[in-house]
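Results of the structural survey
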Amino acid sequence: MKKLLLVFSIAMSLFSCSCSQSINISGSWHIDDAYGISTEKGENEAVITFQSNKVNGNTSINSFMGSYNLTDNDLTISNLGMTKMLGPNIEIEDAVVKGLNSVKKCMVENDKATLFDEEGKEIMHLTKK
């Protein structure tokens, strides 16, 4: 009986270790869409880079920078600053900015990432550059 309990304990610890997986969002990502609006026709490529708890990128018109925190799959972007230029396709800009300010969770699978708001709604899709 003791051997059975020992085997069961070892199996459970191995199983629990293999399930806890850390998300890696570091690096540069193309912002494919935000709130269902494609960034394809933006003035510039919409990108976001996560590095050493700092975030920066381009919303398709303006550059942005700030901080981020990732714990498990909880992602927050804070202290966001941005340039204030005007340009075409302001709806893309507005959707990306709204997404940056609303993100609460993320899921990364291979070279794709999905960002979610507080209610769990998909708000942005990214592709690793």
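This text follows the structure it describes.
Description of the structure in this document. (Residues numbered from 1 in each chain as written. Predicted model: local features only at pLDDT ≥ 70, side-chain atom pairs only at ≥ 80, totals over all residues. Heavy atoms only, no water.)

Another point: the pairing of strand β4 (residues 54–58). The pairing of strand β3 (residues 47–51) with β4 spans five bridges and is classified as antiparallel. Note on β4: the bridge partner recorded for Thr49 is Asn56. Where β3 hands over to β4, the hairpin turn is made up of two residues, of which Ser52 adopts a positive phi near 50°. As defined by bridge partners, β4 adjoins strand β5 (residues 63–71) across five bridges and the pair is classed as antiparallel. When the bridges of β5 are listed, Asn56 appears paired with Met65. Taking the residues that link successive antiparallel strands as the turn, the β4-β5 hairpin has four residues, and the phi of Ser60 there is positive, at about 110°. (Pairing = 2+ DSSP bridges. Helix = DSSP H or I, 4+ residues; strand = E, 2+ residues; numbered from the N terminus.)

Turning our eyes to something else, we now look at the environment of Glu91. For Glu91, the location among the structural elements is in helix α2 (residues 90–102). Classification of Glu91 as partly exposed rests on a relative accessible area of 42%. (Buried < 20%, exposed > 50% of the residue type's maximum accessible area, 1.4 Å probe, protein only.)

We now examine the nonpolar core. Core analysis: the largest hydrophobic core is formed by 23 residues, its most contacted members being Ile25, Ile48, Phe50, Leu75, Leu115 and Leu126. Take this core: its biggest share by element is four residues, from α2. (Core = buried A, V, L, I, M, F, W, Y, C linked by side-chain atoms within 4.5 Å.)

Below, the discussion takes up the packing of aromatic side chains. Summed over the entire model, instances satisfying the criterion amount to one aromatic pair. Taking the centre distance of 4.9 Å and the plane angle of 80° together, the rings of Phe50 and Tyr68 count as edge-to-face. Taken together, the positions of Phe50 in strand β3 and Tyr68 in strand β5 put the pair 18 residues apart, joining distant regions of the chain. Here the two residues Phe50 and Tyr68 agree in accessibility, since each one is buried. In this structure, Lys98 packs its charged tip against the face of Tyr35, placed 4.4 Å from the ring centre. (Phe/Tyr/Trp six-rings, centres within 6.5 Å; stacked < 30°, edge-to-face > 60°. Lys NZ or Arg CZ within 6 Å of the ring centre and 35° of its normal.)

Another aspect to go through is the pattern of salt bridges. Under the definition given, this model contains two salt bridges. Here Lys129 ties to Glu45 by a salt bridge, and the two come within 3.0 Å at their closest N and O atoms. Here the residue Lys129 occupies a position in the segment after β9 (122–128), and Glu45 occupies one in the loop between β2 (37–38) and β3, the gap between them amounting to 84 residues. Take Lys129: its relative accessible area is 55%, and that puts it in the exposed class. Look at Glu45 and you get partly exposed, because its relative accessible area is 40%. Notably, a salt bridge pairs Asp74 with Lys105, separated by 2.3 Å at the nearest N-O pair. In this pair, Asp74 is assigned in strand β6 (residues 74–82) and Lys105 in strand β7 (residues 105–109), connecting sequence segments 31 residues apart. (Salt bridge = Lys/Arg side-chain N within 4 Å of Asp/Glu carboxyl O.)

Before going further, it helps to spend a moment on the environment of Phe116. Summarising the element assignment, Phe116 is placed in strand β8 (residues 112–116). Its relative accessible area of 16% is what places Phe116 among the buried residues. Note: C-alpha distance between Phe116 and Ser102 (14 residues apart in sequence) is 7.9 Å. When sequence neighbours within four positions are dropped, the list of residues in contact with Phe116 reads Ser102, Val103, Lys104, Lys105, Cys106, Met107, Lys121, Glu122 and Ile123. (Contact = heavy atoms within 4.5 Å.)

The next point concerns the pairing of β6. Pairing between β5 and β6: seven bridges, direction antiparallel. Opposite Met65, over in β6, you have Gly81 as the bridge partner. In textbook terms, the turn of a hairpin is the stretch between consecutive antiparallel strands, and for β5 and β6 this stretch comprises two residues, one of which, Asp72, has a positive phi near 55°.

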